[in-house]
Amino acid sequence: VQLQASGGGLVQAGGSLRLSCATSGRTSSIYVMAWFRQAPGKEREFVARITLSGGTTSYADSVKGRFAISRDDAKNTVSLQMNSLKPEDTALYYCAADSNLSIKPYSLTSRYSYWGQGTLVTVSS
C-alpha cells in the first residue's frame, strides 16, 4: 500500500484547507486510515481516523468540530477538511493506513503500518 498526501499550504487564521491522501497498491486490504500531524519540536499526534468499511470516525479533542475526515471509495482517497484553522494547527500532516484488526488504540502511531510523506500546513495569525 502506498499513500500520497497533498493539499497543504499557507492560510490565515480562520481559513480552511482540504488535505487529500491518495492510496494505491492493495487498497482493498485497508481497514482504517488516519491523519496525524507533527509540529516542530513536538511528537507526532493523532488528528482523525476513519474505518473504510463502516465509515466510523473519531477525532482529537483539539480539532473536534473544526475538522472532518471523509473517504471517497471511487477515487481511493481519504480527505481531511480543516475549517476555522488556528496558528496552533501549523504542522506537517501525515496520512496513515493499516490493514489489520488490532486492539491498539487508533490514536497510536504504532497502530499503522503504512505512512505517506507529510504535507505542510502553515496557519498565520
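That block above? That's the structure.
Because the structure is a prediction, the values reported are computed rather than measured.

A. Structural view of the state of the cysteines. Taken as a whole, this structure holds one disulfide when the rule is applied. Put simply, Cys 21 and Cys 95 are joined by a disulfide, and their sulfur atoms are 2.2 Å apart. Here the disulfide of Cys 21 and Cys 95 is right-handed, its torsion about the S-S bond being about 60 degrees. A residue pair is termed long-range when its members are at least 10 positions apart, and Cys 21 in strand E3 (residues 17-24) and Cys 95 in strand E9 (residues 91-98) qualify at 74 residues. In terms of burial, Cys 21 and Cys 95 fall into one category: buried.

B. Structural detail: the sheet that holds strand E8 (residues 77-82). Across the sheet, which stays open at both edges, the four strands sit in the order E1-E3-E8-E7 with antiparallel pairing between neighbours. This sheet does not close on itself; its edge strands, each paired only once, are strand E1 (2-6) and strand E7 (67-72). The average undirected angle you get between the axes of adjacent strands in this sheet is 15 degrees. Bridge count between E7 and E8: six bridges; the pairing is antiparallel. Bridge pairing in E8 places Phe 67 opposite Met 82.

C. Spatial organisation of the packing of aromatic side chains. Applying the stated criterion across every chain, the model contains four aromatic pairs. A ring pair is formed by Phe 36 and Phe 46, whose centres lie 5.7 Å apart and whose planes are at 75 degrees; its orientation type is edge-to-face. One end of the pair, Phe 36, is in strand E4 (residues 32-38); the other, Phe 46, is in strand E5 (residues 45-51), and ten residues separate them in sequence. The two residues Phe 36 and Phe 46 agree in class, both being buried. Both rings, one in Phe 36 and one in Trp 115, keep their centres 5.1 Å apart while their planes meet at 55 degrees; by these two values the pair is tilted. Placement of Phe 36 in strand E4 and of Trp 115 in strand E10 (residues 114-115) is noted, with a sequence separation of 79 residues between them. Here Phe 36 falls in the buried class, since its relative accessible area comes to 0%. Grouped by ring-pair contacts, the aromatic residues Phe 36, Phe 46, Tyr 112 and Trp 115 constitute a single cluster.

What counts and what doesn't
- Residues numbered from 1 in each chain as written.
- Predicted model: local features only at pLDDT ≥ 70, side-chain atom pairs only at ≥ 80, totals over all residues.
- Heavy atoms only, no water.
- Disulfide = S-S within 2.5 Å.
- Helix = DSSP H or I, 4+ residues; strand = E, 2+ residues; numbered from the N terminus.
- Buried < 20%, exposed > 50% of the residue type's maximum accessible area, 1.4 Å probe, protein only.
- Pairing = 2+ DSSP bridges.
- Axes fitted to C-alpha atoms, helices over the stretch in contact; angles between N-to-C directions.
- Phe/Tyr/Trp six-rings, centres within 6.5 Å; stacked < 30°, edge-to-face > 60°.

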